[in-house]
Amino acid sequence: MIGSLLYPKMTSTRMRLSLDGMWKFTLDKEKKGEAAGFADGFEKFDMIPVPGSFSDLYTDKSIKNYCGDFWYETEFLMPEVTDRKVCLRFGSVTHRAVVYLNGHKIGEHEGGFLPFVIDVTDTVNVGTNKLVLKVNNELNEETLPCGTVKKNRDGSLTAKPYFDFFNYSGIQRSVDLLILPKISVADYSLRYELKDGQADVFIDMAVDYSDINIESKSEDVRAFVRFTDEHGKAAAEAELLRVDGYHFGGMVSIDDPILWNVLDPHLYTVTLRLISQDGTVFDEYSERTGIRTVAVQGEKILINGQQVYLKGYGKHEDFNILGRTFNYSVAKRDFECMKWNGANCFRTSHYPYADEWYQMADEEGFLIIDEVPAVGMMRSTHNYVDAGTGKYTYFFETPTVPTLQKNHLLQVEEMIKRDKNHPSVIAFSLFNEPETTSVQSYEYFSKIFERAKELDPQKRPLTGALEKNSSPEKCQCHRLLDFICLNRYYGWYISGGEDFFEAEEKFRDELDRWKALNVDKPFVMTEFGCDTLAGHHSLPGTMWSEEYQNEYYAMNFRVFEDYGFIQGELVWNFADFQTSEGIFRVGGNKKGIFTRDRQPKSSAFVLRDRWMKK
Ligand code: BDP
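Everything quoted here is computed from the prediction, not taken from an experiment.

Digging into the pattern of salt bridges
Taken as a whole and judged by the stated rule, the model has 49 salt bridges. With its nearest N and O atoms 3.0 Å apart, the salt bridge here joins Glu 581 to Lys 61. Highlighted residues: Glu 581 in the loop between strand 32 (566–572) and helix 10 (603–613) and Lys 61 in helix 1 (residues 61–64), separated in sequence by 520 residues. By relative accessible area, Glu 581 is classed as exposed at 61%.

In structure tokens form, the structure reads like this:
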């Protein structure tokens, strides 16, 4: 079962103590750590930052590319508390972790991009505690994202991702000790219905009773919800009704609501309280949220009933030295750059990002397509090349599929559970560029989409990004999508370097064929772009030059204008980013509109011109 994924907050009833800092770190090439008693602590170590990706901290290439088991250790002091629940929360550990506290295994987690929480009430000591993690960053075809490992002659392993971003790993997001009330808010969800001058807000809340006998306790618990507006004035308040021992539910109406909107965010604070019959407050939890609806109607995407055109980027959590570590300054700069060039949306390609990205998007009025790490579901180490060849890259016919699907479902569940209340999240993307032309792929994804639909209280649009082989004639899966996302590289992988005329013709031909299907759904171009070396100039524009990038975008935009069903353009990529080394990558992927240190290439101004007007 997934524990509470609420964002860790200090409130009048809750404490959050950060365990971030320098932790002991050691590689375990021979996987002997367990037998050698590393769970109790290890003697040879280096100190590294948590949160952090370890790869770009070192000068030794064998550490940079290290693949296998590695261990982290820290000590922390636990204050004396009575009648409290104590938990450890890990923002993300990539890709899997086994956690030991004071020598005892207390939990494990699969998946490197979502948080997990372990209840340590019975295992934590007052005073000193030793926390040890065994982490592993190997890739396979049963977990997400997909890839494989190569065994080298000296026995070491090298990650071979089936995806185009560096396999950054480690404890990449913050670690917190949470001191919570024994009776606490475990989860809540919000759903909105807008009427004339009124918003009906439906609330569901789940309660955790820790080890308390709920038979005796649940009758004593009452639940309340309050919405406060931006000026601190109460907008609505109500007692929630008991659904069963663990759940409460209800509805409040807000008159003249100030809606959250695209680049015009208005936030309410929602406060949930659990109170005993005699008025003792068990728990209080509050968060900022926005009231808005999302819908797809024919070829349109609607926010609060108004058509919206998505402008922006596919991104990565990626920065020099930090790797995939969340950093407020980098995120702030990214939002500033995106606002400067008129963007309103990004896709969290190709995995769920740190919680703080969504909070910042809520505050900025940005739209997010939230993507699960289902990338690399095609047996190729460079999909981006094979994508254009039309060759069949089978995937869903192998014995690994049932386990992969189980993991995929779990990550969809964790992502929706974590992100469902953010107004910025307008859609969930359940895959990036898998093989979708086989009957097996349809069977596989039907189950994923069905489950996601059940899980999302707001029933937001569900989508996935389709690569070139997923053509209108061959793709089995586009009927599962509420809006269709296409990743297309006409003028780069297809007919690149030749006259744009040929690329344009091929692009139009494909779009005509989609049009002929009459699917009556919006399409969003979720990837289009070309590698460009900042500062490389050429007249006439040739591949890799800034001039070529500008011409490439001019051609793409010309095409989009002629197809009304295209309701969004998310350029690939916001910034240059790190990948595995290879003959197609010069110090990483250079399709950024901004460089890796977030300075504009000349196409940033081309986008600004277009998006400020659109
Ligand atoms: C697509 C992938 C993306 C790659 C991109 C590229 O979805 O992850 O980085 O192509 O080739 O295939 O730049």
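The rest of the description comes next.
Remarks on the nonpolar core
Judged by nonpolar contacts, the single largest core of 91 residues is most densely connected at Tyr 313, Met 377 and Phe 445. Broken down by element, this core gets its largest block of residues, seven residues, from helix 9 (residues 546–561). Lining this core are residues from two domains, each supplying at least three of them: domain 1 (15–180) and domain 3 (308–611).

Topic: the packing of aromatic side chains
Applying the stated criterion to the full structure yields 53 aromatic pairs. Ring geometry for Phe 166 versus Tyr 168: centroids 4.7 Å apart, planes at 50 degrees, classification tilted. Neither Phe 166 nor Tyr 168 differs from the other in exposure class; each is buried. In this structure an aromatic cluster arises from ring pairing among Phe 113, Phe 163, Phe 165, Phe 326, Tyr 328, Phe 335, Phe 346, Tyr 351, Tyr 353, Trp 357 and Phe 366. A cation sits over an aromatic face here: Lys 614 above Tyr 309, 4.4 Å from the ring centre.

Considerations on the domain arrangement of the chain
For the chain, the assigned domains are domain 1 (15–180), domain 2 (184–292) and domain 3 (308–611). For domain 2 and domain 3, the distance between their C-alpha centres works out to 35 Å. The interface of domain 2 with domain 3 comprises 17 residues on the first partner and 21 residues on the second. For the domain 2 and domain 3 pair, buried surface summed over both sides reaches about 1,500 Å², with 53% attributable to carbon and sulfur atoms. If you sort the residues of domain 2 by the area they bury against domain 3, Trp 260, Leu 263 and Arg 292 come out on top, with a joint share of 37%. Counting every contact that joins domain 2 to domain 3 gives two salt bridges. A salt bridge links Arg 288 to Glu 363, with the nearest nitrogen and oxygen atoms 2.8 Å apart.

Topic: the site of the ligand
Neighbouring the ligand are 14 residues; Asp 164, His 350, Glu 433, Tyr 493 and Lys 591 lie closest to it. Take Asn 432: an N or O atom from its side chain is 2.9 Å from an oxygen atom of the ligand. Its free accessible area being 320 Å², the ligand has 97% of it covered by the protein chains. Looking at the shell around the ligand residue by residue, the class counts come to five nonpolar, four polar and five charged.

Observations concerning the sheet that holds strand 32
Strand order in the closed barrel formed by eight strands is 25-26-27-28-29-30-31-32, with parallel pairing between adjacent strands. Strand-to-strand, the axes of this sheet are offset by a mean angle of 25 degrees, without reference to chain direction. Bridging between strand 27 (residues 367–371) and strand 28 (residues 425–432) involves four bridges; their strand directions are parallel. Looking at strand 28, one finds that Ile 369 is bridged to Ala 427. Packing against the sheet, helix 4 (residues 355–364) makes contact with strand 26 (345–347), strand 27 and strand 28, and its axis sits at approximately 160 degrees to strand 27.

Thoughts on the packing of helix 3 (residues 328–340) against helix 4
Look at helix 3 against helix 4: their axes get within 11 Å of each other, and the N-to-C directions meet at 35 degrees. Once helix 3 is placed against helix 4, the crossing between them reads as right-handed. Where helix 3 approaches helix 4, its residues Tyr 328, Ala 331, Lys 332, Asp 334, Phe 335, Glu 336 and Lys 339 are matched on the opposing element by Glu 356, Trp 357, Gln 359, Met 360, Ala 361 and Glu 364. Looking at side-chain class alone, the contact of helix 3 with helix 4 contains six nonpolar, one polar and six charged residues.

Digging into the sheet that holds strand 24 (residues 306–307)
The antiparallel open sheet is built from three strands, whose spatial order is 22-23-24. The two strands at the open ends of the sheet, each matched to only one other strand, are strand 22 (294–297) and strand 24. With two bridges joining them, strand 23 (residues 300–303) and strand 24 adopt antiparallel strand pairing. Counterpart to Ile 303 in the pairing with strand 24 is Gln 306.

Basis of the calculations
- Residues numbered from 1 in each chain as written.
- Predicted model: local features only at pLDDT ≥ 70, side-chain atom pairs only at ≥ 80, totals over all residues.
- Heavy atoms only, no water.
- Salt bridge = Lys/Arg side-chain N within 4 Å of Asp/Glu carboxyl O.
- Helix = DSSP H or I, 4+ residues; strand = E, 2+ residues; numbered from the N terminus.
- Buried < 20%, exposed > 50% of the residue type's maximum accessible area, 1.4 Å probe, protein only.
- Core = buried A, V, L, I, M, F, W, Y, C linked by side-chain atoms within 4.5 Å.
- Domains from an automatic or database assignment.
- Phe/Tyr/Trp six-rings, centres within 6.5 Å; stacked < 30°, edge-to-face > 60°.
- Lys NZ or Arg CZ within 6 Å of the ring centre and 35° of its normal.
- Contact = heavy atoms within 4.5 Å.
- Buried area = accessible area lost by both parts, 1.4 Å probe.
- Near = heavy atom within 4 Å.
- Polar contact = N/O pair within 3.5 Å; in protein donor to acceptor, adjacent residues only side chain to side chain.
- Areas by Shrake-Rupley, 256 points an atom, 1.4 Å probe, with all protein chains shown as cover.
- Nonpolar A, V, L, I, M, F, W, Y, C, P; charged D, E, K, R; others polar.
- Pairing = 2+ DSSP bridges.
- Axes fitted to C-alpha atoms, helices over the stretch in contact; angles between N-to-C directions.
- Left-handed = near helix turned anticlockwise from the far one by under 90°.

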